[in-house]
Amino acid sequence: MAKYDLTNVLSKNMDLHLVFPLLEFLSTRDIYRMESLTESKYQLLQNTNMVDFTIDVFHSLHPDKEPPEALHEKRNEVVRQLTCLQEKSNQVIELFARKDVSEMVDKHRDSQQLWDYLTEHYQFDREKLDDVFHYGKFMYDVGNYAIASTNLDFYRNLAPADSQFYSSAQWGKLASEILQQNWEEAMEELERLKDNISAALHLSYSEILVQRAWLIHWGLFVYFNHPQGRDSIIDVFLYQKPYLNAIQTMCPHILRYITTAVVISKRRRDGIKELIKVLQQESYKDPITEFVESLYVNFDFDEAQAKLKECKTVIENDFFIVGCLDEFTENARLIISEIFCRIHQRIEIDMLADNLNMEPAEAEKWVVNMIRLAHLDAKIDSKNGYVVMGGTSVPVYQKLIDKTKDLHLKANSCCQKIDKKLTLGI
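Residues numbered from 1 in each chain as written. Predicted model: local features only at pLDDT ≥ 70, side-chain atom pairs only at ≥ 80, totals over all residues. Heavy atoms only, no water.

## A short note on the overall build of the chain
Next, step 1: Secondary structure summary: the chain contains 23 helices and 3 strands in total.
Next, step 2: Sorting the 426 residues of the chain into buried and exposed places 46% on the buried side.
Next, step 3: On the chain, roughly 22,200 Å² of surface is accessible, and the fraction owed to carbon and sulfur atoms is 51%. (Helix = DSSP H or I, 4+ residues; strand = E, 2+ residues; numbered from the N terminus. Buried < 20%, exposed > 50% of the residue type's maximum accessible area, 1.4 Å probe, protein only. Areas by Shrake-Rupley, 256 points an atom, 1.4 Å probe, with all protein chains shown as cover.)

The following block contains the structure:
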């Protein structure tokens, strides 16, 4: 299924270190030859300082050969640089371990006040602060993401927003949290970076577009792993015009992930109409987007059933949504059944079972559950094997409940974000 593999286009908007998990995932699938994937990994590693990892990959490619001498020389140089940067960084760490400085850090959220104190009492300057950034970036390059995160966070919290390395520190901090699978912290960093991109008045429109495209791709790691991430995909990618514009302009393949999020969302009714509008405007197609269009645009249930089978293969081979397979299949069947029932007055359970690839007894239980969840006016005639539909219109009070049931959660979420920003002094 290499036809539907998005790794190549996704990796163009990602840091090298974020591409490695995608390649590791592909190595567990029968899409590409293992030798080809290992060679790709080796080529990527050439641009990092993870020399030991590079040597291991070389051995897996060439078991009978010794690694190039250049790799051993690079390893010695990495160790030398690490020692030098560590010494400089330790001076700053020791400074912040002092009691008076530690108290200042706890007392003053304003980075400028802390900066003034350090420059006045300890002759702290930009060069020393930059040493912290360089050490954090270096640790990221060698694959030590925990130490990288700590140092990049330290730099970012103390440096002015117009500092030379401020933006790099932000992106590095986000990548470090992603690669450590710290999804709560990664979500916070994603939101912070999103706010800073919106406030970046010094960037041109095209530069902001590129930054948003990067954030969209990096955000996939977070959104498909954080508990509230799937709803965030819909809220950000589908409803926020700047990000929807970036997707339509730079990366329409992201529609696969928006469509998946809408299908598995409990708020599907709210998102499906907007999604259909977007899908009909774009030329990008894959079985997941075509499944939705076959149901909501063409009302072609045979095509939908065929596309659903293809969706299984696509999802199984996609790093980001492989964990959504069961949920997607369950909700896709629910959508098929719900639409089918809404446009027919009487339905044979055997025919519905065929459409859902189920046994008749299993299909009957499914329909009972579907009627309850979708608030359909329907009855099961088990004796004759029929589903008999009544009026299919949703009561006004139910529409009101559906539209307002998420407001409380959204309000609480907004309040929490505001409180957090006030606490951090953002």
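Moving on, there is more to tell.
## Regarding the pairing of strand S3 (residues 386-389)
Next, step 1: Pairing of strand S1 (residues 346-348) with S3, which is carried by 3 bridges, proceeds in the antiparallel orientation. Of the residues in S3, the one forming a bridge with arginine 346 is valine 388.
Next, step 2: Strand direction decides the pairing type here: strand S2 (residues 378-381) and S3, joined by 4 bridges, are antiparallel. Within the sheet, the bridge partner assigned to isoleucine 380 lies in S3 and is valine 387.
Next, step 3: Between S2 and S3, which pair antiparallel in sequence order, lie 4 residues; one of them, glycine 385, sits at a positive phi of approximately 75°. (Pairing = 2+ DSSP bridges.)

## A word on unusual backbone geometry
Next, step 1: Phi angles above zero are rare outside glycine, and glutamine 181 is one such case at about 60°.
Next, step 2: Mapped onto the elements, glutamine 181 comes out in the loop between helix H10 (166-179) and helix H11 (183-198).
Next, step 3: Overall, the relative accessible area of 55% leaves glutamine 181 in the exposed class.

## Section: the sheet that holds S1
Next, step 1: On the basis of which strands lie adjacent, the open sheet formed by 3 strands has the order S1-S3-S2 and antiparallel pairing. Edge positions in the sheet fall to S1 and S2, since each of these pairs with one other strand and no more. For this sheet the average axis-to-axis angle between neighbouring strands, irrespective of direction, equals 20°. (Axes fitted to C-alpha atoms, helices over the stretch in contact; angles between N-to-C directions.)

## Let's talk about the packing of helix H12 (residues 205-223) against helix H14 (residues 241-250)
The description of two helices packed together rests on the angle between their axes and the distance between the axes.
Next, step 1: Running from N to C, H12 and H14 point in directions that differ by 90°, and their axes come no closer than 9 Å. Judged on the interaxial angle alone, H14 and H12 are roughly perpendicular. Where H12 approaches H14, its residues Tyr205, Leu209, Val210, Arg212, Ala213, Leu215 and Ile216 are matched on the opposing element by Pro242, Tyr243, Asn245, Ala246, Ile247, Thr249 and Met250. (Parallel < 35°, antiparallel > 145°, perpendicular 65-115°, else oblique. Contact = heavy atoms within 4.5 Å.)

## Here we look at the packing of helix H15 (residues 255-264) against helix H19 (residues 325-342)
Next, step 1: As a packed pair, H15 and H19 sit with axes 8 Å apart at the nearest point and diverge in direction by 70°. Judged by the inter-axis angle, H15 sits roughly perpendicular to H19. Both H15 and H19 take part in a crossing whose hand is left-handed. Facing H15, whose interface residues are Thr260, Val263 and Ile264, H19 presents Glu327, Phe328, Asn331, Ala332 and Ile335.
Next, step 2: Residue classes in the contact of H15 with H19 are distributed as 5 nonpolar, 2 polar and 1 charged. (Left-handed = near helix turned anticlockwise from the far one by under 90°. Nonpolar A, V, L, I, M, F, W, Y, C, P; charged D, E, K, R; others polar.)

## Here's the deal with H15
Next, step 1: Of all 10 residues that make up H15, 10 are buried, and the element is covered over most of its length.
Next, step 2: Turning to H15, its buried residues number three or more, namely Leu255, Arg256, Tyr257, Ile258, Thr259, Thr260, Ala261, Val262, Val263 and Ile264.

## Considerations on the nonpolar core
Next, step 1: Counting 112 residues, the largest nonpolar core has Phe237, Ile254, Ile258, Phe291 and Phe328 as its most contacted members.
Next, step 2: Non-local contacts of phenylalanine 237, meaning those with residues more than four positions away in its chain, are made with Ile216, Leu220, Tyr223, Ser232, Tyr243, Leu244, Ile247, Ile254 and Ile258.
Next, step 3: If you look at the next biggest cluster of nonpolar residues, it comprises 20 residues, including Leu118, Phe165, Tyr166 and Ala169. (Core = buried A, V, L, I, M, F, W, Y, C linked by side-chain atoms within 4.5 Å.)

## Observations regarding the packing of aromatic side chains
Next, step 1: Scanning the entire structure with this criterion turns up 17 aromatic pairs.
Next, step 2: On the numbers, 5.4 Å between centres and 65° between planes, the contact of tyrosine 140 with tyrosine 145 is edge-to-face. Tyrosine 145 shares its class with tyrosine 140; the two are buried.
Next, step 3: Between the aromatic rings of tryptophan 171 and tryptophan 214, the centroid separation amounts to 6.4 Å while the plane-to-plane angle is 80°, which identifies the pairing as edge-to-face. Within this pair, whereas tryptophan 171 is found in helix H10, its partner tryptophan 214 is found in helix H12, the two being separated by 43 residues in sequence.
Next, step 4: Its relative accessible area of 10% is what places tryptophan 171 among the buried residues.
Next, step 5: Tryptophan 214 sits in the partly exposed class, given a relative accessible area of 28%.
Next, step 6: The rings of Phe25, Phe221, Phe224, Tyr257, Phe319 and Phe320 are connected pair by pair, giving a single aromatic cluster.
Next, step 7: A cation over an aromatic ring shows up here: arginine 212 above the ring of tyrosine 243, its NZ or CZ 5.4 Å from the ring centre. (Phe/Tyr/Trp six-rings, centres within 6.5 Å; stacked < 30°, edge-to-face > 60°. Lys NZ or Arg CZ within 6 Å of the ring centre and 35° of its normal.)

## Side note on the pattern of salt bridges
Next, step 1: Enumeration over the complete set of coordinates arrives at 17 salt bridges.
Next, step 2: With its nearest N and O atoms 2.6 Å apart, the salt bridge here joins glutamate 24 to lysine 41. On the criterion of sequence distance, the pair formed by glutamate 24 in helix H2 (residues 16-26) and lysine 41 in helix H3 (residues 34-45) is long-range, its members being 17 residues apart.
Next, step 3: With a closest N to O distance of 2.6 Å, aspartate 153 and arginine 156 form a salt bridge. On the criterion of helical spacing, the pair formed by aspartate 153 and arginine 156 is a turn pair, its members being 3 residues apart in helix H9 (residues 145-158).
Next, step 4: Classification of aspartate 153 as partly exposed rests on a relative accessible area of 22%.
Next, step 5: In this structure, a network of salt bridges that share partners links the residues Asp153, Arg156 and Glu189. (Salt bridge = Lys/Arg side-chain N within 4 Å of Asp/Glu carboxyl O.)

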